[in-house]
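Working through the structure, step by step
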Amino acid sequence: MRKRTLFRLAAGTVAAGAATLAYASLVERNMFTLRRYDVPVLPADAEPLRVLHLSDLHMMPDQARKQQWVASLAALDPDLVVVTGDNMAHPDAVGGVLRALQPLLDYPGAFVFGSNDYTGPVWKNPFTYFLPNREYTEGVELPHEELRDVFTGAGWADLNNARTSVKAGGRLVELVGVDDPHIERDDYDAVAGPVAASADLGIALAHSPEPAVLDRMAADGFSLLLAGHTHGGQVCVPGYGALVTNCGLPRSMARGLHRWPGSDSWLHVSAGLGTHPTAPVRFACPPEASVLTLIPR
């Protein structure tokens, strides 16, 4: 009797695990979700400004469903499109990224790159994400200069260790960004300084939301900080949240909108639209894009 009970418990556990894996890999990772947030960063009498934040597409050439869903976001008619990196997961992915983003290239936009714009993913033990000082391993080189040319050719601002201003929604928006801190390509010293008094708003971008970089952006007066990289944890525990963020950001801030500590700035971390190709699962953390409606304080 005891053996039968143990066998049934074991079989039930295996079946539940298999069902969860099937759901995470076949269902939830394709449940593309649009998040909406109001962010109080504008002067008292200002009209709202809509920012579409996309991140971590990790695009493969044949991901037609993802490409079509992202392309459909042009119907939102955003004032500004911001992409915070990790667009590619394959050397032939530029075409897929372009199919996804082509309708959005008609809008004012800005971007920074992530590590998986420079080199492709490699297989790794997922448990290594719990190691604070794990070694970063590069994969095959990706055509990031080709992707850069597509974005800049459409008029989007390249903010990889750069700073500029753009007109969006009738406002002058000062933008600053760094290349990916996760692989130590960031150089905020090269672009640091207070937001110009002539700007209506300051927005700062980084792929990986490393607190040391975000602290400096907030101190310079950038009201909205945008990042990706965390995948929101990718595999979360209901009622507990993300297990890891793969950066210095606390787990409680792994995705969504948060007030950046010690400042008047807001941080939005996108859970992203893709997954690492060797771990194509999401659980309690569906892929997402976000519309941030900037409103008066």
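Residues numbered from 1 in each chain as written. Predicted model: local features only at pLDDT ≥ 70, side-chain atom pairs only at ≥ 80, totals over all residues. Heavy atoms only, no water.

If you check an unreviewed UniProt entry, the chain appears there as Calcineurin-like phosphoesterase domain-containing protein from Micromonospora palomenae.

Some points on the nonpolar core
Ranked by internal contacts, the top residues of the largest apolar core, which has 31 residues, are Leu54, Val70, Leu101, Leu104, Phe151, Trp156 and Leu273. If you list the elements that add at least two residues to this core, you get strand S2 (49-54), helix H2 (64-72), strand S3 (80-83), helix H3 (94-101), helix H5 (144-153) and strand S14 (288-296). The element best represented in this core is H3, accounting for 4 residues. The residues touching leucine 104, leaving out its near neighbours within four places in the chain, are Leu52, Leu54, Val70, Leu73, Ala74, Pro78, Val81 and Trp156. With 24 residues, the next largest nonpolar core counts Val41, Ala110, Leu201 and Leu226 among its residues. (Core = buried A, V, L, I, M, F, W, Y, C linked by side-chain atoms within 4.5 Å. Buried < 20%, exposed > 50% of the residue type's maximum accessible area, 1.4 Å probe, protein only. Helix = DSSP H or I, 4+ residues; strand = E, 2+ residues; numbered from the N terminus. Contact = heavy atoms within 4.5 Å.)

Some points on the environment of valine 195
Note on placement: valine 195 falls in the loop between strand S7 (171-177) and strand S8 (201-205). Between the alpha carbons of valine 195 and valine 173 there is a distance of 9.6 Å; along the sequence they are 22 residues apart. With residues near it in sequence (within four places) discarded, valine 195 still touches Arg163, Glu174, Gly202, Asp220, Gly221 and Phe222.

Examining the sheet that holds S8
The strands that make up a sheet pair up through hydrogen bonds in the backbone, lying either parallel or antiparallel. Across the sheet, 6 strands lie side by side as S6-S7-S8-S9-S13-S12; this open sheet has mixed pairing. Each edge of the sheet is formed by a strand with only one pairing partner; in this case those strands are strand S6 (162-168) and strand S12 (256-259). Strand-to-strand twist in this sheet, taken as the mean axis angle between neighbours without regard to direction, amounts to 25°. Judged from the 4 bridges that link them, strand S9 (residues 224-227) and strand S13 (residues 266-269) form a sheet pairing that is parallel. Pairing of leucine 226 across the sheet is with histidine 268, part of S13. (Pairing = 2+ DSSP bridges. Axes fitted to C-alpha atoms, helices over the stretch in contact; angles between N-to-C directions.)

Regarding helix H6 (residues 211-219)
Those residues of H6 not exposed but buried are Val213, Leu214, Met217 and Ala218. When H6 is viewed along its axis, its buried side chains cluster within an angular range of 130° and face the same direction. Facing away from the buried side of H6 by over 90 degrees, the exposed positions are Ala212 and Ala219. On the buried face of H6, the contacting elements are S7, S8, S9 and S13. Once H6 finishes, glycine 221 follows within two positions and takes phi at roughly 95°, a positive value. (Arc of directions from axis to C-beta.)

What about the pattern of salt bridges?
Here the structure, examined in full by the defined rule, presents 6 salt bridges. With its nearest N and O atoms 3.0 Å apart, the salt bridge here joins glutamate 288 to arginine 35. Taken together, the residues glutamate 288 in strand S14 and arginine 35 in strand S1 (residues 33-42) connect sequence positions 253 residues apart. Residue classification places glutamate 288 among the buried positions, given a relative accessible area of 1%. Notably, a salt bridge pairs arginine 216 with aspartate 189, separated by 2.7 Å at the nearest N-O pair. (Salt bridge = Lys/Arg side-chain N within 4 Å of Asp/Glu carboxyl O.)

Section: the packing of H2 against H3
Two numbers describe how H2 lies on H3: the axes approach to 6 Å, and their chain directions differ by 35°. Seen from H2, the contacting residues are Gln67, Val70 and Ala71; seen from H3, they are Gly96, Arg99, Ala100 and Leu101. Of the residues belonging to the contact of H2 with H3, the class tally is 4 nonpolar, 2 polar and 1 charged. (Nonpolar A, V, L, I, M, F, W, Y, C, P; charged D, E, K, R; others polar.)

With respect to H5
Within the span of H5, buried status applies to His144, Leu147, Arg148 and Phe151. With its buried residues spanning 100° around the axis, H5 presents them on a single face. Every exposed residue of H5 that faces more than 90 degrees away from the buried side is listed here: Asp149 and Gly153. Elements in contact with the buried residues of H5: H3, strand S4 (109-111), helix H4 (115-118) and strand S5 (157-158). Taken from the residues just after H5, glycine 155 is the one with a positive phi, measuring 95°.

Quick notes on the sheet that holds S14
One open sheet accounts for 6 strands, arranged S1-S14-S2-S3-S4-S5; its pairing is mixed. Edge positions in the sheet fall to S1 and S5, since each of these pairs with one other strand and no more. Relative to S14, S1 runs parallel, the two sharing 9 bridges. Note that in S14 the partner of tyrosine 37 across the bridge is leucine 292.

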